[in-house]
Amino acid sequence: MPAPTVGATSSKKRKSVKESGVPSSKRRAVAENDGADVMVEISQLEEQISESRKYYNNIAKLISMLNVDDNATNPNLAVAVSLCRVFSRLIAGGDMAETNRAAENEKIIAAWLKERCREYQRALSAILREGDTSAKVRRSQMAPNPNSC
């Protein structure tokens, strides 16, 4: 009866190479391209918003791309910076200000923009809270314990 260890060993070696956690160069290239594609999409959405009001719905899309869940552990900071530029331009341009003489549709747009801005602010607060918490944890792990000596 032939020894099964020769076939099993070579099979096991192949599996261990694949399971090593190091992605192939092709996988890395695809992942890098995906990141570049996302950055291009973010900048296109931002540019469209600055071009015309008909693209204001891109603000909601960018907010959804921010990836802030309940614990804000993996936010897309490029989107956060892009939204900062968008809202800064809108505020500076007076697009979020409601005046008494404004038409009803202008008031509706301003109210919608203000609500998106509040949504963005809540997301930023969650990001900052999570970042602050993780910083505290790291500091407490790194700080020497005076009672341990």
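Only a predicted model underlies this, so the values are computations on that prediction, with no experimental measurement involved.

**Q** Account for helix α4 (residues 77–92), with residues named and values stated.
**A** Since the α-helix advances by 3.6 residues per turn, residues separated by three or four positions end up pointing in the same direction. Helix length check: α4 (16 residues) gives 22 Å between terminal C-alpha atoms against 22 Å at 1.5 Å per residue, within 8%. Residues of α4 that are buried include every one of Val-79, Ala-80, Ser-82, Leu-83, Val-86, Phe-87 and Leu-90, and no others. Looking straight down α4, one finds its buried side chains confined to an arc of 160°; they lie on one side. More than 90 degrees from the buried face of α4, the exposed residues found are Leu-77 and Ala-92.

**Q** Account for the nonpolar core, naming residues and giving values.
**A** Soluble globular proteins tend to bury their nonpolar side chains together. Counting 21 residues, the largest nonpolar core has Ile-59, Leu-62, Leu-66, Val-79, Leu-83, Phe-87 and Leu-90 as the members making the most contacts within it. Mapped onto this core, the elements with two or more residues apiece are α2 (25–51), α3 (57–65), α4 and α5 (104–142). When residues of this core are assigned to their parent elements, the largest contribution, six residues, is made by α4. Not counting chain neighbours up to four residues away, the residues in contact with Leu-66 comprise Pro-75, Asn-76, Val-79, Ala-80, Tyr-120, Ala-123 and Ile-127.

**Q** Explain the pattern of salt bridges residue by residue, including any values.
**A** Any two side chains of opposite charge can pair, so long as their charged atoms come close to each other. In total, this model carries eight salt bridges according to the counting rule given. Of the charged contacts, one joins Glu-46 and Arg-85 as a salt bridge, the two residues approaching to 2.7 Å between their closest N and O atoms. You can see Glu-46 sitting in helix α2 and its partner Arg-85 sitting in helix α4, a full 39 residues away along the chain. Linking Lys-114 and Glu-98 is a salt bridge whose minimum nitrogen-to-oxygen distance equals 3.9 Å. Taken together, the positions of Lys-114 in helix α5 and Glu-98 in the loop between α4 and α5 put the pair 16 residues apart, joining distant regions of the chain. For Glu-98, a relative accessible area of 43% translates into the label partly exposed.

**Q** So what about the packing of α3 against α4? Which residues, and what values?
**A** When two helices pack together, their arrangement is given by the angle between the helix axes and the distance between those axes. Running from N to C, α3 and α4 point in directions that differ by 150°, and their axes come no closer than 9 Å. For the element pair α3 / α4, the angle class is roughly antiparallel. Considering the relative orientation of α3 and α4, their crossing is left-handed. Across the interface between the two elements, Ile-59, Leu-62, Ile-63 and Met-65 of α3 pack against Val-79, Ser-82, Leu-83, Val-86, Phe-87 and Leu-90 of α4.

Analysis parameters
- Residues numbered from 1 in each chain as written.
- Predicted model: local features only at pLDDT ≥ 70, side-chain atom pairs only at ≥ 80, totals over all residues.
- Heavy atoms only, no water.
- Helix = DSSP H or I, 4+ residues; strand = E, 2+ residues; numbered from the N terminus.
- Expected span 1.5 Å × (residues − 1).
- Buried < 20%, exposed > 50% of the residue type's maximum accessible area, 1.4 Å probe, protein only.
- Arc of directions from axis to C-beta.
- Core = buried A, V, L, I, M, F, W, Y, C linked by side-chain atoms within 4.5 Å.
- Contact = heavy atoms within 4.5 Å.
- Salt bridge = Lys/Arg side-chain N within 4 Å of Asp/Glu carboxyl O.
- Axes fitted to C-alpha atoms, helices over the stretch in contact; angles between N-to-C directions.
- Parallel < 35°, antiparallel > 145°, perpendicular 65-115°, else oblique.
- Left-handed = near helix turned anticlockwise from the far one by under 90°.

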